[in-house]
Structures are given as structure tokens and as C-alpha cells.
Amino acid sequence: MDVTDETFYAEVVQRSHDTPVVVDFWAEWCGPCKALGPVLEREAAARDGIVLAKVDVDANPALASHYQISGIPAVKAFRNGQVVAEFVGAQPPQAVAAFLDGLLGPSAGERLLDELRERGDQPEVVAALEAEDYERALDLLLDQARAADGEGRDEIRRFMVALFAELGQDHPLSSLYRRRLATALY
């Protein structure tokens, strides 16, 4: 589907709370865009549960600016209202397929929550994640990272990186806690 400045929020951001939405930022004059477009369309159509949206950057410059599109084609995947994965440039079908497959199934945060439940540890972190209180979960993990050493620190870092992926790398909590984690680890 084609989306515009006016329809982007409803068709992409809101819809991504229910299903992954992949956005292809393209332009009519762009040769690599014309090569990638059919590959994206074919691979997205082959998978249930992924919506493909297309944004003409020339007709929608505000969106291109907001999402810092500096080269096209640019593809961004949205989950829960956030960009969770992206690539720039034409890609071969296998790479596009792998990109889309990575959006299906549980998210990084869902996998982390399942792992912590299965292990039976980190009950406070589990409770925070179940309540979608990501700031509390990150606070708890950061405190543990400061106190841990060696393998324990690596594991806490892995947990926090999974939460950054869940939130999206540009989310304010990801940015804040990524800096705090770097300070605690180094």
C-alpha cells in the first residue's frame, strides 16, 4: 500500500502494534528502488503477518526527513510503533527474505521474557516486563550490571541489548540506557 504524510501514522505506526509493517522509502527516478520494489513485494506477499507500505520520498519529504532518509531505497521495519530493523540499498532476494523472516515470530523482548520465565530467575525484571515497564526493567538490569563481573555482566548486557531491540534503537530509553550501560561496563 502507498502511504503519505497524512496516512503514515495510522497505516504504519498504529498498525505496527498488531503486525510488523515494513516501509519501503523510494522514488520514481531511483533505479535501485525499481529493482528492490518487486523483490520486497514478492517476499512480503509470501509471508503471512507482514504488511508492506511504500513511501515516495519526493511526494512525502516530511516523512523522509523525520526518518532521516539520506539514501534510497531505504527499508525500515516497524513493531510496536518503533523502527526495529532497517537496511539501505537494493538487496538480493535471499537477504530480503532473511530480513522479513527476522520480523516474524517473537520479538527480542518476547524471547527475553520467555527465557527469564523458563529459567525462573529475575522475578522483578519479569514483573516489570510483563507490565511493559521497560524503564524499571532496564533500571534493575543496570544495577545488576554494575554489581556483576565476567559472565554475569555479559549476560546482563545481552538482556539489555534485547530490550533495546524491543524498544527500537532510536527510542529515548534505548539511547539513555545504552549510555548508562557503557559507563557501567567500561
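Scroll up a little and you will see the structure.
Treat the numbers as computed from the prediction; the structure is a model and nothing was measured.

This part is about the state of the cysteines. Here, the word disulfide means a covalent bond between the sulfur atoms of two cysteines. Summed over all chains, the structure comprises one disulfide. Two residues, Cys 30 and Cys 33, share a disulfide whose sulfurs are 2.4 Å apart. Residues Cys 30 and Cys 33 share a disulfide whose torsion about the S-S bond is about 80 degrees; that sign makes it right-handed. Residue classification places Cys 33 among the buried residues on the basis of a relative accessible area of 4%.

To continue, consider the packing of helix H7 (residues 134–147) against helix H8 (residues 151–167). Taken N-terminus to C-terminus, the directions of H7 and H8 make an angle of 160 degrees; their axes are 9 Å apart at the nearest point. As summarised for this structure, H7 and H8 are arranged roughly antiparallel, according to the angle between their axes. As H7 packs across H8, the resulting crossing turns out to be left-handed. Touching Tyr 134, Ala 137, Leu 138, Leu 141, Leu 142, Gln 144 and Ala 145 of H7 are Arg 153, Ile 156, Phe 159, Met 160, Leu 163, Phe 164, Glu 166 and Leu 167, all from H8. Residue classes in the contact of H7 with H8 are distributed as 12 nonpolar, one polar and two charged.

Mapped onto the elements, Val 126 comes out in helix H6 (residues 123–130). You can call Val 126 buried: its relative accessible area is 10%. As for Val 126 and Leu 116, which are separated by 10 residues in sequence, their C-alpha atoms are 6.7 Å apart. In contact with Val 126, other than residues within four places in its own chain, are Leu 113, Leu 116, Arg 117 and Asp 121.

What counts, and where the lines are drawn
- Sequence positions are assigned chain by chain, starting from 1 and proceeding in written order.
- It should be noted that, the model being predicted, local features are given only for residues of pLDDT at least 70 and side-chain atom pairs only at 80 or more, the latter also being counted only at that level, while totals for whole chains, interfaces and linings use all residues.
- To obtain the side-chain values, all non-hydrogen atoms of the structure were used and water was disregarded.
- The definition used for a disulfide is geometric: two cysteine sulfur atoms within 2.5 Å.
- Three labels apply to residues, based on accessible area from a 1.4 Å probe with only protein chains included: buried if under 20% of the type maximum, exposed if over 50%, partly exposed otherwise in between.
- All axes are obtained by fitting lines to C-alpha atoms, using only the stretch in contact for helices, and the reported angles, taken between N-to-C directions, cover 0 to 180 degrees.
- Elements are defined by DSSP. Helices are runs of H or I of four residues or more, strands are runs of E of two residues or more, and each kind is numbered from the N terminus.
- Geometric relationships in this document are graded by angle, where less than 35 degrees denotes roughly parallel, more than 145 denotes roughly antiparallel, 65 to 115 denotes roughly perpendicular, and other angles denote oblique.
- Working rule for handedness: look at the near helix, and if it is turned counterclockwise from the far one by less than a right angle, call the crossing left-handed; if clockwise, right-handed.
- Note on contacts: a residue pair is in contact if any heavy atoms of the two residues lie within 4.5 Å.
- Throughout this entry, Asp, Glu, Lys and Arg are counted as charged residues, while Ala, Val, Leu, Ile, Met, Phe, Trp, Tyr, Cys and Pro are counted as nonpolar. The remaining residues, Gly among them, count as polar.

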